[in-house]
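# A look at the structure
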Amino acid sequence: MFRIAKKDELPKWKSLIVRLTSILFGIVLAGILIAVLGYNPMATFSALVIGAFGSVNALTNTFTIAIPLAITALGLAIAFRMKFWNIGGEGQIIMGCVFATFVSHNMPETTPGIILILLMGAAGFLGGAIWALIPGIFRVFSRTNETLFTLMMNYIALSIVQFLHYVLWRDPASKGFPKIKAIQLQAHLPVLFGVHIGWIVALVLAVMVFFLIRKTKLGYEIRVVGESEPTANYAGINVKKVMLTGVALSGGIVGLAGMIKLTGSVYTLSPAITGNAGFTAIVIAWLSGLSAPVIALVSILIAALEQGSQIIQIKLQVPSAVAAIIQGLILMSALGSEFFLRYRIVYAKQPGKPRAIKRTAGKPDNESGGKPESAEADRSALKGDA
Amino acid sequence: MSENISSSPNPAFSMQGISKSFGSVRANDNIHFQVRKGEIHALLGENGSGKSTLMNILSGIYKPDAGTIEVDGSLRVFHAPKDSIACGIGMVYQHFMLAEPLTAAENIAAGSSGIILNRKKESASIRAFSEKYGMEIDPDKPVVQMSVSEKQTVAILKMLYHGARILVLDEPTAVLTPQEIKKLFNVLRKMRENGCSVVFISHKLNEVMELCDRVTVLRKGQSIKTYVVEDTCSYELVEKMVGRKVDLSIDRPVPCPDCKDCLVVENLSLKNDEGFQKLSDISFTLRHGEILGVAGLAGSGQKELCETIAGIMPAEKGRIFFDGTNIFGKSPREIIRMGVSMSFIPEDRLGMGLVASMDIADNILLKDYSFQKGPFLKTAAVRVKAERIVKELEINTPGIFHPVRKLSGGNIQKVILGREINLKPKLLITAYAVRGLDINSSYTIYNLLNAQKVKDVAVLYIGEDLDVLLELCDRIMVMCAGKVTGIVDARAITKEEIGQMMSGTKLKDIKGGAGNVSNC
């Protein structure tokens, strides 16, 4: 009765409406869930919004969460442009923090703050870049699957930081409590307008990434490599070099995000330092269509959702699991809108008539999740138009 | 079975008022198409005229928005390809859907009822069946070892073996030599004698005239008219197909008489990743101001030849001289840096020649940006250039910021050709430049290539349509399985002779002498 058909590309304002409607749908869905669980949806949502934006304190918290998310997403977006599926953000954040902490621990306490911060930033970038380059090199030279490789690198990084936390860098001054010594005091990022200056870094990076992709030769090469490696080869682009440069930049920026979080708000390296930013940032980069300015905005919204969820747990005693479900529903609806941007569902009017074939113009829409009619139809549709 | 009903007017199938839209595009618009029992019926039309859509509806892949299909006089609704197959309709696509590692018999028997496959019995019955239609196949030969022509035979046989009485062939001759085409035609005529119906999709008019009984012309999704082939001529058909009168002759300016050699290839050899010899010992010379055609069956090494010359694929051994400089083993960027002005228009335009999702301006930048100084892109000049190319080549586009993948095939080819010609190359390599283009666009491309030739550009033209190669090129190099079987003067050779060379016969064995060999 229903079938899924490919849709023409929508104009920008229409796709914006689809996206907003989807998010609204997610909110309604979450509201129903809240009501079923016996809470007042209106009160919950207003608490969520007030918790995220309602006071100076709330805004500070929201932005503090948003900064590392935005920087991480900016970094990942560079790799995604090349269709290099870097899902190793977690590991790259951790390694950025490890390298930055190492610098802080090994510099004399007399080092001026500005120099220490710059050194730690460089170290953070380096750490992330190395952690991304390892799978990058294997991908470029031996065609390994970077998705799995970057993912596995996350667990290695996590184990390394656990080892540092419990064994190697365990602070003897903490009286048996497993803890790494905090970074030096002068390395704490200064605060401007109530938030540490990481927000300036994030904004500058957003502009720089936008500029890199749109206005530089390297950015152009990154885009060409991402769209079609044969074309890049044909045009004389050194695909390996471009990809490794892009991957190093991607990992480096993600590592820098870790360093910013470390010096801006956490001050101490621990296994929990990422707060899942490496994964959340994937969603942000994707929701933003890999566009740098949009990433900055979406990061704030996602951060608000996270911050607001914490507030409703405190204020309304909503269990943390429910808060997580609310977040999940809204995010899922937002991502689900991508489906409705590309496909439409057609209702066949005469009931009893058999299902129509779920494809148009020869393009198999297997991504739609629709079950193909039969393997045979699938193949013939493909070949028939070839 | 053997009763002769070829003159019977009763239809094998009849499609009435078929309409099908994809979004805002009306691919089929009230099409009427009727095929009789025991006839070979050509379906003629340019790309995008709705042939594929109509046949996909007949085979049950698409459902029509409106219209009816009758098979053997009773109304049928096809929900899936299996319904169409059950009505005796068999499709043979350009890409035969065969399991390569299995034998012919196993492929043909696949889909038969029963659980246990008696190989010997199947093999014998398939052999007997194939002889009835005058087809020669070895049922126990694995498909992977077969030539394209043999694979096609297997695909056709598979359909007939499963009871197809109506066979639809989608451009079956595109991949065959003239000799193989003759064989195929004989098979199809045999089928006609047996009362089967054949739908023959093609845009090669001479084949339609030679083989078919009737022809239905489609244009812009509408069925224009059905003719009895004997009562019409190719000019009338082209006019109906294109919608206006078209001059079908191709110009051939006299090649530059005293121009120097541009490209000299010596003993070029190449193995692919799997260790197969794709090019063996290729040697030829291409002068400035001439068009050298390359003929050969698909996959005879044309792609590899182009890509090794362009530096995209590293060759194993040999030498490639461009105006006296050896460019063997150099990467595309190195070749550009050496000041060699060569343009290569690859077969896969959207996958290799262009970036499909980028706009026209960004695609023209592809060959320009590396000449720009500094790390930043300069786009202003490219925009002016893009506007100029769009105007000069009459590219039909809403603007230079339109993604190239949304353009039609002809316009896509014009974008890439415009970009390359604008680099003022001394050597132009084109692989299947008119593949998928309609007649009008094809002739525009021929004219553009001739214009380059007159400017003393050396043109290497990889083609598939022998008629075009014979009319457009000055000399033709014929390739077979990675080897050169001969280089001939295009003005003094016949299609049949080229066909023999395409299937591996050396030139000297055909003519018994070097009378026709050009000095190279």
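No experiment lies behind these values; they were computed from the predicted model shown.

All names here are of chain B. Among the 6 residues that make up strand β19 (residues 475–480), 6 are buried, leaving the element largely enclosed by the rest of the structure. Alternating residues of β19 divide into R475, M477 and M479 and I476, V478 and C480, and every residue in both groups is buried. Looking at chain direction, strand β13 (residues 291–295) and β19 are connected through 4 bridges and run parallel. Paired with V294 across the strands is M477, a residue of β19. Direction of pairing for β19 relative to strand β20 (residues 483–489): antiparallel, over a ladder of 6 bridges. Within β20, the residue paired with V478 across the bridge is G486.

Turning to the confidence of the model for chain A, a few remarks are in order. This prediction gives chain A a mean pLDDT of 84; 87% of its residues lie at or above 70. This stretch, residues 349–386 of chain A, has a pLDDT under 50; its non-local contacts, to residues over four places away or in other chains, come to 67 contacts.

Moving on: the nonpolar core. In terms of nonpolar packing, the biggest core is built from 253 residues, with A:I71, A:L74, A:I295, B:L167 and B:Y461 touching the most fellow members. Broken down by element, the residue count for this core peaks at 13 residues, all from helix α3 (residues 56–81) of chain A. Among all residues touching B:Y461, those that are not within four sequence positions of it are B:I291, B:L292, B:G293, B:V294, B:T430, B:A433, B:L449, B:L472 and B:C473.

We now examine the environment of A:F163. Residue and element names in this part refer to chain A. Looking at the secondary structure, you find F163 in helix α6 (residues 146–168). Classification of F163 as partly exposed rests on a count of 13 C-beta atoms within 10 Å. Expressed as a C-alpha distance, the spacing of F163 and G176, which sit 13 residues apart in the sequence, is 15 Å.

Residues and elements named next belong to chain B. Spatially, 4 strands are ordered β12-β11-β14-β15 in an open sheet, and the strand pairing comes out antiparallel. Here the strands that pair on one side only, and so sit at the sheet edges, are β12 (277–287) and β15 (325–326). With 2 bridges joining them, strand β14 (residues 317–322) and β15 adopt antiparallel strand pairing. Directly across from F322, in β15, lies its bridge partner T325. The sheet strands contacting helix α9 (residues 302–309) are β11 (261–271), β12 and β14, and the helix crosses β12 at an angle near 65°.

Right, let's get into the packing of helix α4 (residues 89–106) of chain A against α6(A). All names here are of chain A. Interaxial distance between α4 and α6 falls to 7 Å at its minimum, and their mutual angle equals 35°. Remark: the crossing between α4 and α6 carries left-handed chirality. Here E90, G91, I94, M95 and V98 of α4 come into contact with α6, specifically with M153, N154, I156, A157, L158, I160, V161 and L164. Considered class by class, the residues forming the contact of α4 with α6 number 10 nonpolar, 2 polar and 1 charged.

Residues and elements named next belong to chain B. Their axes nearest at 10 Å, the elements helix α14 (residues 409–422) and helix α15 (residues 439–454) cross at an angle of 10°. Judged by the inter-axis angle, α14 sits roughly parallel to α15. When α14 is examined against α15, the residues G410, Q413, L417 and I421 are found in contact with a partner set consisting of S441, I445, L448 and Q452. Partitioned by chemical class, the residues of the contact of α14 with α15 number 4 nonpolar, 4 polar and no charged.

So, about α9(B). Residue and element names in this part refer to chain B. Judged by how many residues are buried, α9 sits mostly within the fold: 7 of 8 residues are covered. Regarding α9, the residues found buried are Q302, E304, L305, C306, E307, T308 and I309. G311 sits one or two residues past α9 and shows a positive phi near 85°.

Moving on: the pairing of strand β10 (residues 222–228) of chain B. All names here are of chain B. Pairing between strand β9 (residues 214–219) and β10: 6 bridges, direction antiparallel. Counted as the bridge partner of T216 is T226 from β10. Where β9 folds back onto β10 in an antiparallel hairpin, the turn is made up of 2 residues, including K220, whose phi is positive at roughly 50°.

Cut-offs applied
Residue positions are given per chain, counting from 1 as you read along its sequence in written order. Whichever chain is written first becomes A and whichever ligand is written first becomes 1, with later ones labelled in order. With the structure being a predicted model, the display of local features is reserved for residues of pLDDT at least 70 and the display and counting of side-chain atom pairs for 80 or more, all residues being used for whole-chain, interface and lining totals. Buried, partly exposed and exposed are defined by the number of other C-beta atoms within 10 Å of a residue's own C-beta, namely 20 or more, between the two limits, and 12 or fewer respectively, with C-beta atoms placed from the backbone. Helical segments are the DSSP runs of H or I of at least four residues, strand segments are the runs of E of at least two, and each set is numbered from the N terminus. If DSSP finds at least two bridges between two strands, the strands pair. Scored between 0 and 100, pLDDT is the confidence that the predictor attaches to each residue. Contact between two residues is assigned whenever their backbone-derived C-beta positions fall within 7 Å. In this description, a nonpolar core means buried residues of the types Ala, Val, Leu, Ile, Met, Phe, Trp, Tyr and Cys, linked to one another by C-beta atoms lying within 7 Å. Where helices are involved, their axes are fitted lines through C-alpha atoms of the stretch in contact, as for all axes, and angles between N-to-C directions lie from 0 to 180°. A clockwise turn of the near helix away from the far one marks a right-handed crossing, whereas an anticlockwise turn of less than a right angle marks a left-handed crossing. Note that Gly is not counted as nonpolar here; it falls among the polar residues with everything else outside the nonpolar set of Ala, Val, Leu, Ile, Met, Phe, Trp, Tyr, Cys and Pro and the charged set of Asp, Glu, Lys and Arg. Orientation is classified from the angle alone, with under 35 degrees giving roughly parallel, over 145 giving roughly antiparallel, 65 to 115 giving roughly perpendicular, and any other angle giving oblique.

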